[in-house]
Structures are given as C-alpha cells and as structure tokens.
Amino acid sequence: MFSVIVLVTKAQRLNEPIIGPTVIFEEKAGEVAVEAEYFYKQSKTELRQWYRTSKQENPDVKPDADPAHVSGASRNAYLEILPDTRVTHSDPLIKGESFSDNGGQIAILHYKVKFNNTGRYYVWVRAMSTGSEDNGIHIGLDGQWPESGLRIQWCEGKNNWTWSNKQRTKEVHCGIPGQLYLDVDEPGLHEVQFSMREDGFEFDKFILTKDQYYTPKGVGPKVLASAKLPDACPAVKAPEVKKNYFKMVAGALPENKAIAAQDFPSVGTDFYTHGKNWMAINPNTHHEAITSTAFKFESGNYDIVFVGVGENDGRSTFQLLLNGKEVGIYQPLSTESMFEEGKDFNALWKNVSLKKGDKLTVKAKVGTDGKEFCRARWAGIVFAPVGKGKKIQDFPSTFDPN
Ligand SMILES: [Ca+2]
Ligand SMILES: [Ca+2]
Ligand SMILES: [Ca+2]
Ligand SMILES: [Ca+2]
C-alpha cells in the first residue's frame, strides 16, 4: 500500500482546530473572552463548516461571494461558515441548510471554559456582516440552546468588525440589546457553543460578562487560557476604499443633478440593492425589473447620462422612460473582468426636457453569454447641463483591475 493519504492530510486544513482539547479558557472577575478561531472541535458539519481566514489562510470553498476581511479582526484571524449559498434575499432560503432558526442544528463550534463564578453572563459577539443574509448566529451552553442565546443579530456596522449584544425578535428584526445571556448554575468546566443561523457569517471573538452595562471596545479583552495560545497571525493592511464612480461622475460639475440607483425603490420591484452603490437583478429569480421615481429637480432641459455597469457574462439592457414614454434604450458593452464602470457602459441622451414631478422609470433586462446571466447592475442617472453630457459620460473611469 502506498501512503498517498499522508500527503493530503499533512497540510493544516482550515476547518480543523488550532487549539487542543486540553486548552481551557478561564472566566475571571465575571468576564471571559475567547477568539472564535480557538474552538477545539466542530460538530454537525455535514452541510456547513467553519473555516479559518488569516493573511496566509483563505478557504477555497465555493460559493462564497465576499472577499476576506482579515484587517481589523482580533488576532488577525476569524471564522466564516461556508459554503454561503444565500447571499441576497432573493437566493433560496433552505431551512436546515443555508439557514437555521434552531440552536445546535448546524455546524456547532465548541469551546471549553472554566467558570469561577456562577450566575448570569451577558453575551457579546464580534462579527463582520456584508449583507442581510449573513448576520445571525446562536449561542448555547453544554448542549442546551436556551431562548436567551438564540438569534444574535447585526444590522449596524456593515462591512466593519462590529460587536453586538442584540437579539432578533419577531417584532424587532434588528434586535434588542442586552437580551442575550447564558445562566451558569455550577462553577467549573463548561462548554460554550455556537451554531449557524445564516451561512456566510463571519465570527471573530466572543465575550461573556456578568456586567449588564459593559460595552466592548476595539478587539475586546485579552484571552486567558490554561496553556500558551498560538501567536497572533500577521496583520493585514486595511483595504483602500475604492472611489465611488457614480459619486465622482455626478459631482464632476457643480450644476449636475443626480439620482443614485439605490434612491429608486427596490422593495416591490424585482431589483435588489447590490452592495453600496448598485441596483441589480438576481437572474436566478428574475430576468426583468422595473422601478420608478419622481424627478425632483428644477424643470428645464438636461443631458441625461445613464450610468450602467459592464459585466462579463452578458450585456444587460436598460431603458429609460419619462412619464411612460421612452427616452432611450441601450446595452453596456461586456467586459473582461467581472464588472467595470466607465464611459463604455454609460448612455447619453441629449437635451431632454424634464419637469419637476415627472415620472422617471428604469426598465432593465439581464443578458447572457449563453452559459450564465449578468445582473443588470446600474449605478444611477446624472442630469447634466445641456452640452455637458458628453464630458460627464467620458469622465475617467475609477476602475482598477487590481
Ligand atoms: Ca467570504
Ligand atoms: Ca448567507
Ligand atoms: Ca461572508
Ligand atoms: Ca479572531
């Protein structure tokens, strides 16, 4: 027999613990803090698993729509639950697979904690959410999942590492602070556990504290353990904030007026808000979408620049209507990269007469390359002074392929 398998198992896998089963974290003076990545085992991992991410470690598990977020994570490492099949509200919600409202059902992380003091411990968790379908987790104790540990929720602090002590309820979707706790009845060794509520969740660290009024700062308190802990992973520089192309184009002339795509209604249309800047169509559920808003600026003639996004899996179609009549229709060029913004993807309709209160309607249709569909992403509409539209359309792209 050849021992080929040794080669495969030698590399440290990112779903395996870096903490041995003998390492115990310790509560002192009513507080204990633990890095998410210091679990000693995970269980119920058939459908989803937790993977470590750090500067040198990036799980190769697909689908996973968002990039690594190592910068700012405590000890420069965190866990993400993958695969992440439900990214937006229009992706299928599969109970017991991409979502679980029950504690202890999917992908349980286990941590050994020695409590010196009994009583009620309030829960704080540090996480990074980039959307509405990656912002919930459950906490349990010794295999029990009390109501007071379910549905830890993040609404604020998108795209930043953020502490939360809020519990989502039927009435308050963004959660009620201070309602999350575990009751420790006996001193000594216990197991603190976390399990999935939403896939794609990114988990950095947790704190249990007896102080109801405590609020964590920065990366939170130091982690105390019964043995030497691994060195911190290497730090990663904060990513440069990409310039917002639409804002730059819209602000290129002080006389410009503009309506961002995300200022059009998305609820009740077949569009969704895609990231911070775009509207888009999820081709898994819709191929066309339509949305309208009122023109609220001064009546007059304008050059209209429609700011669309080029994509690599087809050419979308955008039609602009004014009070139900077509102003113009166009297709942005397709691209090499996943998407791109710039003059090749914009439309210009010159000298259009607009009155305050006119109804502006955007109709969009996804395109295809024969294999996959693009998402009809668009950024908004600029109303430039007559004669200046070309300059706005040709404004240098902020696109950076790196
Ligand atoms: Ca990710
Ligand atoms: Ca998800
Ligand atoms: Ca994620
Ligand atoms: Ca961490």
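Residues numbered from 1 in each chain as written. Chains lettered and ligands numbered in written order. Predicted model: local features only at pLDDT ≥ 70, side-chain atom pairs only at ≥ 80, totals over all residues.

If you tally the helices and strands in the protein chain, you get 3 helices and 27 strands. Principal-axis analysis of the C-alpha atoms places the extent of the protein chain at approximately 75 × 60 × 35 Å. The proportion of buried residues among the 402 residues of the protein chain is 41%. When contacts within the protein chain are restricted to residue pairs at least 6 apart in sequence, long-range pairs at least 24 apart make up 75% of them. (Helix = DSSP H or I, 4+ residues; strand = E, 2+ residues; numbered from the N terminus. Buried ≥ 20, exposed ≤ 12 C-beta atoms within 10 Å, placed from the backbone. Contact = placed C-beta atoms within 7 Å.)

A few words now on the confidence of the model for the protein chain. Averaged over every residue, the pLDDT of the protein chain is 92; the share at 70 or more is 95%. Here residues 1-11 is modelled with pLDDT under 50, and outside its nearest four sequence neighbours on either side it reaches 0 contacts, counting other chains as well. (pLDDT = per-residue confidence, 0-100.)

Bringing unusual backbone geometry into the picture now. Here the amide bond leading from Lys62 into Pro63 is cis, since omega sits at -5 degrees, within 30 degrees of zero. Take Pro63: it is sitting in the loop between strand E4 (49-53) and strand E5 (78-82). The omega torsion across Leu82 and Pro83 is -5 degrees, close enough to zero to call that bond cis. For Pro83, the location among the structural elements is in the loop between E5 and strand E6 (108-115). Positive phi, close to 65 degrees, is recorded for Arg151, a residue that is not glycine.

The 4 strands lie next to each other as E19-E26-E22-E23, forming an open sheet whose pairing is antiparallel. Lying at the two open borders of the sheet, with one neighbouring strand each, are strand E19 (288-294) and strand E23 (325-330). Neighbour to neighbour, the strand axes of the sheet diverge by 15 degrees on average, direction disregarded. Judged from the 6 bridges that link them, strand E22 (residues 317-322) and strand E26 (residues 359-365) form a sheet pairing that is antiparallel. Counterpart to Leu320 in the pairing with E26 is Val362. (Pairing = 2+ DSSP bridges. Axes fitted to C-alpha atoms, helices over the stretch in contact; angles between N-to-C directions.)

The next thing to look at is the pairing of strand E16 (residues 257-260). Residues Ala258 and Ala260 line the buried face of E16, whereas the alternating positions Lys257 and Ile259 sit on a face that is not buried. Alignment of E16 against strand E27 (residues 378-385), held across 4 bridges, turns out to be antiparallel. Among the inter-strand pairings, Ile259 is bridged to a residue of E27, identified as Ile381.

This brings us to the nonpolar core. Among the nonpolar cores identified, the biggest contains 52 residues, and Tyr111, Val123, Leu182 and Phe203 are the most heavily contacted of them. Per-element tally for this core: the top contributor is strand E7 (residues 119-128), with 7 residues. Once you skip the residues sitting within four places of it in the chain, Tyr111 turns out to touch Phe25, Val34, Tyr38, Phe39, Tyr40, Glu191 and Val192. Within the second largest apolar cluster, 40 residues are counted, among which are Phe271, Ile304, Phe306 and Ala347. (Core = buried A, V, L, I, M, F, W, Y, C linked by C-beta atoms within 7 Å.)

Along a regular strand, successive side chains alternate from one face of the sheet to the other. Judged from the 7 bridges that link them, E6 and strand E14 (residues 188-196) form a sheet pairing that is antiparallel. Bridge pairing in E14 places Lys112 opposite Glu191. Where strand E8 (residues 136-141) meets E14, 5 bridges bridge the pair, whose relative direction is antiparallel. Residue pairing across strands places Gly140 opposite Gln193, the latter belonging to E14.

Domains assigned within the protein chain are domain 1 (12-209) and domain 2 (245-393). Distance between the C-alpha centres of domain 1 and domain 2: 39 Å. Taken together, the contacts link 4 residues of domain 1 with 4 residues of domain 2. (Domains from an automatic or database assignment.)

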